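Residue-level listing of the chains:
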Amino acid sequence: MSLTRRSALAAGALNNMRVTRNFARLVLVCGHGSQTANNPYASGLDCGACGGHAGDVNARIAAATLNDPEVRSRLAGQGLALPVDTVFVAGLHNTTTDDVVLFDLDQVPDSHREDLAHLREALGRAGSAARRERAPSLGLANLADDQIDATVRARAVDIAGQPLKLGQQQT
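So, how was this worked out
Residues numbered from 1 in each chain as written. Predicted model: local features only at pLDDT ≥ 70, side-chain atom pairs only at ≥ 80, totals over all residues. Heavy atoms only, no water. Phe/Tyr/Trp six-rings, centres within 6.5 Å; stacked < 30°, edge-to-face > 60°. Helix = DSSP H or I, 4+ residues; strand = E, 2+ residues; numbered from the N terminus. Buried < 20%, exposed > 50% of the residue type's maximum accessible area, 1.4 Å probe, protein only. Core = buried A, V, L, I, M, F, W, Y, C linked by side-chain atoms within 4.5 Å. Contact = heavy atoms within 4.5 Å. Pairing = 2+ DSSP bridges. Axes fitted to C-alpha atoms, helices over the stretch in contact; angles between N-to-C directions. Polar contact = N/O pair within 3.5 Å; in protein donor to acceptor, adjacent residues only side chain to side chain. pLDDT = per-residue confidence, 0-100. Salt bridge = Lys/Arg side-chain N within 4 Å of Asp/Glu carboxyl O.

**A look at the packing of aromatic side chains**
Applying the stated criterion to the full structure yields one aromatic pair. With a centroid separation of 6.5 Å and an interplanar angle of 70°, the aromatic rings of phenylalanine 23 and phenylalanine 88 are classed as edge-to-face. Here the residue phenylalanine 23 occupies a position in the loop between α1 (3-17) and β1 (26-33), and phenylalanine 88 occupies one in strand β2 (residues 87-94), the gap between them amounting to 65 residues. Residue phenylalanine 88 is classed as buried on the basis of its relative accessible area of 4%.

**Digging into the nonpolar core**
Counting residues in hydrophobic clusters, the biggest one holds 17 residues, and the most contacted among them are Leu14, Phe23, Leu66, Leu75, Leu82 and Phe88. Secondary-structure elements contributing two or more residues to this core are α1, β1, α3 (56-67), α4 (69-77) and β2. Among residues more than four places away in sequence, those in contact with phenylalanine 88 are Leu14, Phe23, Val27, Val29, Ala63, Leu66, Asn67, Arg72 and Leu82. Counting nine residues, the second-largest nonpolar core is a separate cluster that includes Leu26, Val89, Leu105 and Val108.

**Description of the sheet that holds β2**
Taken together, the three strands give an open sheet; going across it, the order is β1-β2-β3, and neighbouring strands pair in mixed fashion. Sheet topology places β1 and β3 (99-103) at the edges, where each strand pairs with a single neighbour. Averaged over all adjacent pairs, the angle separating strand axes in this sheet is 30°, with direction ignored. Sheet topology places β1 next to β2; eight bridges connect them, and they run parallel. Of the residues in β2, the one forming a bridge with histidine 32 is histidine 93. Relative to β2, α3 is tilted by about 175°, and along the sheet it contacts β1, β2 and β3.

**What about the pairing of β3?**
Where β2 and β3 come together, five bridges link them in antiparallel fashion. Across the sheet, the residue bridging to glycine 91 is leucine 102, located in β3.

**Some thoughts on the side chain of threonine 65**
For threonine 65, the location among the structural elements is in helix α3. Separated by 2.7 Å, the side chain of threonine 65 and the backbone oxygen of isoleucine 61 make a polar contact.

**Looking at the confidence of the model for the protein chain**
Caution applies to low-pLDDT parts of the model: their predicted coordinates are not meant to be read in detail. On average, residues of the protein chain carry a pLDDT of 87, and 82% of them reach 70 or more. Per-element mean pLDDT across the protein chain ranges from 65 in helix α2 (residues 42-45) up to 98 in α4. This stretch, residues 163-171, has a pLDDT under 50; its non-local contacts, to residues over four places away or in other chains, come to 14 contacts.

**A closer look at unusual backbone geometry**
A positive phi angle is found at asparagine 22, which is not glycine, with a value near 55°. Asparagine 22 sits in the exposed class, given a relative accessible area of 68%. Even without glycine at this site, aspartate 104 takes up a positive phi of about 55°. Tracing the sequence through the fold places aspartate 104 in the loop between β3 and α5 (113-134). Residue classification places aspartate 104 among the partly exposed positions, given a relative accessible area of 32%.

**Here we look at the pattern of salt bridges**
In the structure shown here, the tally under the stated rule is 11 salt bridges. Here arginine 6 makes a salt bridge to aspartate 68, at a shortest N to O gap of 2.6 Å. Of this pair, arginine 6 sits in helix α1 while aspartate 68 is found in the loop between α3 and α4, placing the two residues 62 residues apart along the sequence. With respect to class, arginine 6 is no different from aspartate 68; both count as buried. Across the pair arginine 25 and aspartate 115 runs a salt bridge, and its minimum N-O distance is 2.8 Å. In this pair, arginine 25 sits in the loop between α1 and β1 while aspartate 115 sits in helix α5, placing the two residues 90 residues apart along the sequence. Residue arginine 25 is classed as partly exposed on the basis of its relative accessible area of 31%. Each member of the salt-bridge network shares a partner with another, and the members are Asp99, Arg131, Asp149 and Arg153.

Next comes the structure, spelled out in structure tokens:
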């Protein structure tokens, strides 16, 4: 894809997301997708904007494009200057387990390792909180937090998993 086209797509993405100023040092571009096994509705659980596929490829392309020095130069020429210390990281939010996988971390400079550690910690807390919030609707309200996390992740690959009744112990 030409530099002109990549720059136009990058500008469009940033403008459409209203991310045009006050950039953080680390910006997560996160697609979403699901994780299921033997589920006839699997593609319906993934990103509709991605044609029923997970959004990881789009997130990776967006982050790589926004980190490209040539694209950044073109954006600056259009009045959309990205700070030199802003780094875009691609991720995928698994909507089944509420885990987030980060990609291409070897591209993150050492100067941003602490920011990356904070991001990972925050994503871990958010995922756990989301699983706890969904626990009652999954019949898991009686489980401890670490059991909820493990059970939700296990159910992602076992569609036959049955909700537990209150007071019932998981085996």
